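Fold and contact review
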Amino acid sequence: MKITELFDRGEFVVSAEVGPPKGIHIDGLIEEAKEYLGGITAVNVTDNQSSVMRLGSLAVCRQLLDAGLTPIYQLTCRDRNRIAL
């Protein structure tokens, strides 16, 4: 079920936030997300967290989606112009 449908029905929605790792190895992140965040509605994936170069949020969202979780892709506008977004 889509998160917007839950809002429309007046359901209580819970999301948790994860930050992409500093490298390309995300197996640990995916396993921890499945273990600890399996009972929540959605997982918010931060973008450009603390202005530190990390794996892209979109790539992590795709992996979380493949793992059976509902990701929320967060895009930070800080330090970016319209072309970069």
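This section reports on the structure supplied with the text. (Residues numbered from 1 in each chain as written. Predicted model: local features only at pLDDT ≥ 70, side-chain atom pairs only at ≥ 80, totals over all residues. Heavy atoms only, no water.)

1. Observations concerning the environment of Asn-44
Within the fold, Asn-44 resides in strand 2 (residues 42-45). When its relative accessible area of 15% is taken as the criterion, Asn-44 is described as buried. As for Asn-44 and Asp-66, which are separated by 22 residues in sequence, their C-alpha atoms are 15 Å apart. Each residue touching Asn-44, except ones within four places of it in the same chain, is listed here: Ala-16, Glu-17, Val-18, Ile-72 and Gln-74. (Helix = DSSP H or I, 4+ residues; strand = E, 2+ residues; numbered from the N terminus. Buried < 20%, exposed > 50% of the residue type's maximum accessible area, 1.4 Å probe, protein only. Contact = heavy atoms within 4.5 Å.)

2. What to know about helix 3 (residues 57-66)
By the burial criterion, the buried members of helix 3 are Ser-57, Val-60, Cys-61 and Leu-64. Around the axis of helix 3, the buried residues are gathered within 105° of arc, so they sit on the same side. Considering only its buried residues, helix 3 is in contact with strand 1 (15-18), helix 2 (27-36), strand 2 and strand 3 (71-73). In the segment just after helix 3, Gly-68 is the residue with positive phi, at about 95°. (Arc of directions from axis to C-beta.)

Just geometry here; none of it tells us what the structure is for.
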